[in-house]
Amino acid sequence: MKNFFSIKNVFSVRNLTIMALLAALDVVLARYTTIHLTPQFTLVSFEYIPAAVVSALFGPWAGIVFGLVSDTVGYFSNPVGPYLPIWAISAMVANLIQSIFLYPGKFDWWRIIVARLLVMLIVTMGLNFIWQSIYFGAAAAVYYNSARIISNIIQLPIQVILIRIFGKIAMRTVQRLNANRQSI
Amino acid sequence: MNKILFGRYVPGTSFVHRMDPRAKLILSLIYIVAVFMANSWSAYVVSFIIALTIIASSGIAPKFFWDGVKPLIGVILLTVVIQVFFGVGGHVYWHWGILSITSDGLLNAVYIAIRFVLIILVSTVLTLSTSPLEISGAIESLFMPLKKIHFPVYEMALMLSIALRFVPTLIDETEKILNAQRSRGANFSSGSIMARLKKLVSILIPLFESAFNRAEELATAMESRGYQGGEGRSKYRVLNYTKNDIIGTIFMMASVALIMVLRNWS
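This is a predicted model, so every value here is computed, not measured.

Undergrad: It is not clear to me how the nonpolar core should be interpreted in this structure. Could you clarify?
TA: What tends to happen in soluble globular proteins is that the nonpolar side chains get buried as a cluster. Ranked by size, the top nonpolar core spans 88 residues in total, and within it M19(A), L22(A), F46(A), I49(A) and M159(B) carry the most contacts. Counting residues per element, this core draws most heavily on helix 7 (residues 153–183) of chain B, which supplies 14 residues. Contact partners of I49(A), with chain neighbours within four places excluded, come to L162(A), F166(A), L204(B) and F208(B). Core analysis: the next-biggest nonpolar cluster, separate from the first, contains 44 residues, V46(B), A51(B), A113(B) and L121(B) among them.

Next comes the structure, spelled out in structure tokens:
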């Protein structure tokens, strides 16, 4: 447990640049690979992949900082709507949950499924509902949150498969880069 | 790359532009909290006057603010409709099954719509008058007290700056990958959901590979220039509070106090 929360070596220069580029990729994926049915109903989105990869490869501290950074970069690179930094808490908690199950690089099916289900329960149905109630009022929050939960349930199988595929690709890439460095 | 829309910063020399980004960020958040606390017509009128004053002192054309609100009109109207038909409390004007129109529901619907627009307007002032890199510097400075509990503030700020810098580069790269796929006959906007999903996954792999390669190149470049963490580093852009920040803070504090008085008075 002590190692799990250790911050030592988490933010090395190479890890930092990988996390920063994945935060930028998060914004790009939101912009190019999201299929909406209605403004509140996202049918397909790949935004969760960089966050899951960072949480799995670099642990809880990296996941928490990544949540804050990706939320901020996401808003200020394409500022549509109100700036409500409270939403960053949702991203940070989601990444913490994912790191608990996936760190260090454990991409077993059950781990990914449990992590995504807990993110849906605690973040989507819990925290996001609270933020939406404050912002839209309880009646509208129930509608928007129901739409989001249905969207998450539909996306769950795809999310699990893609996190496993891209998690393994990312892990192999990091190992290859490490090997290249050591051989120089 | 020039055609890529990134951020919405409009350069200028207005009162708001000359304010310190830290002050702008904090005062915007204070205003947003104050608007959430407003609970009467008089408090919303005062909030509206404050928003108009901030907009006027930003010297930015009204068209930009309309552009900020326009994409969300659908969401605002939907929220109002839901609130009107599902809101409860007060005098019941109409009732059918689970739907009802009540006096409190109507009032809340109007309040929520006004609140929504006011918060968008002030957020828009912040993003139009402050560049993303200024925001990054402001966040770093404001998070500095968390250094005491070992929160990685420098690392977070560096991640923010690198990510903001590389969003346009990755967008450019995505466009190239999409165009390459299109030239081979791929159509990303048509076909069944599964077909579109498969096509989208095909662009994810080169994007991931590109992000990792760029990260490695950047890390090598930083290390070869002797980067050893943020501790003790000097800054190219030094943030300083000015007279404008003091005036802005006094104005905002007085306005928030007035909103609180009206809230309690009502």
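Having seen the structure, we can now continue with the description.
Undergrad: For this particular structure, what's the right way to read the environment of G90(B)?
TA: All names here are of chain B. Among the secondary structure elements, G90 is positioned in the loop between helix 4 (73–86) and strand 1 (92–96). Relative accessible area serves as the criterion here: at 52%, G90 is assigned to the exposed category. Along the backbone, G90 and A215 are 125 residues apart, and their C-alpha atoms lie at a distance of 58 Å. Not counting the four nearest positions on each side in its chain, G90 is found in contact with S103 and D104.

Undergrad: Hey, could you run me through the interface of chain A and chain B in this one?
TA: Interfaces are frequently sized by the accessible area removed from exposure as the parts join. In this assembly, 63 residues from chain A lie in contact with 71 residues from chain B. The three residues of chain A that bury the most area against chain B are L21(A), Y32(A) and F76(A), which together make up 11% of that side's buried surface. At the junction of chain A and chain B, the tally comes to 1 salt bridge. In this structure, E209(B) engages R176(A) in a salt bridge whose closest nitrogen and oxygen atoms are separated by 3.1 Å. Counting every contact that joins chain A to chain B gives 8 residue pairs in polar contact (both at pLDDT 80 or more). For the side of chain A that touches chain B, the elements supplying multiple residues, two or more each, are helix 1 (13–32), strand 2 (41–44), helix 2 (48–58), helix 3 (60–77), helix 5 (109–136) and helix 6 (138–183) of chain A. Among the elements that take part in the side of chain A that touches chain B, helix 1 of chain A stands out by supplying 17 residues, more than any other. Across the side of chain A that touches chain B, the residue classes tally to 51 nonpolar, 8 polar and 4 charged.

Undergrad: Just to check I follow, could you spell out helix 1 of chain A for this structure?
TA: At 3.6 residues per turn, the α-helix brings residues three or four places apart onto the same side. Spanning 20 residues, helix 1 of chain A covers 29 Å between terminal C-alpha atoms, matching the ideal 28 Å at 1.5 Å per step. For helix 1 of chain A, the buried fraction is high: 17 of the 20 residues fall into the buried class.

Definitions and cut-offs
Residues numbered from 1 in each chain as written. Chains lettered and ligands numbered in written order. Predicted model: local features only at pLDDT ≥ 70, side-chain atom pairs only at ≥ 80, totals over all residues. Heavy atoms only, no water. Core = buried A, V, L, I, M, F, W, Y, C linked by side-chain atoms within 4.5 Å. Buried < 20%, exposed > 50% of the residue type's maximum accessible area, 1.4 Å probe, protein only. Helix = DSSP H or I, 4+ residues; strand = E, 2+ residues; numbered from the N terminus. Contact = heavy atoms within 4.5 Å. Buried area = accessible area lost by both parts, 1.4 Å probe. Salt bridge = Lys/Arg side-chain N within 4 Å of Asp/Glu carboxyl O. Polar contact = N/O pair within 3.5 Å; in protein donor to acceptor, adjacent residues only side chain to side chain. Nonpolar A, V, L, I, M, F, W, Y, C, P; charged D, E, K, R; others polar. Expected span 1.5 Å × (residues − 1).

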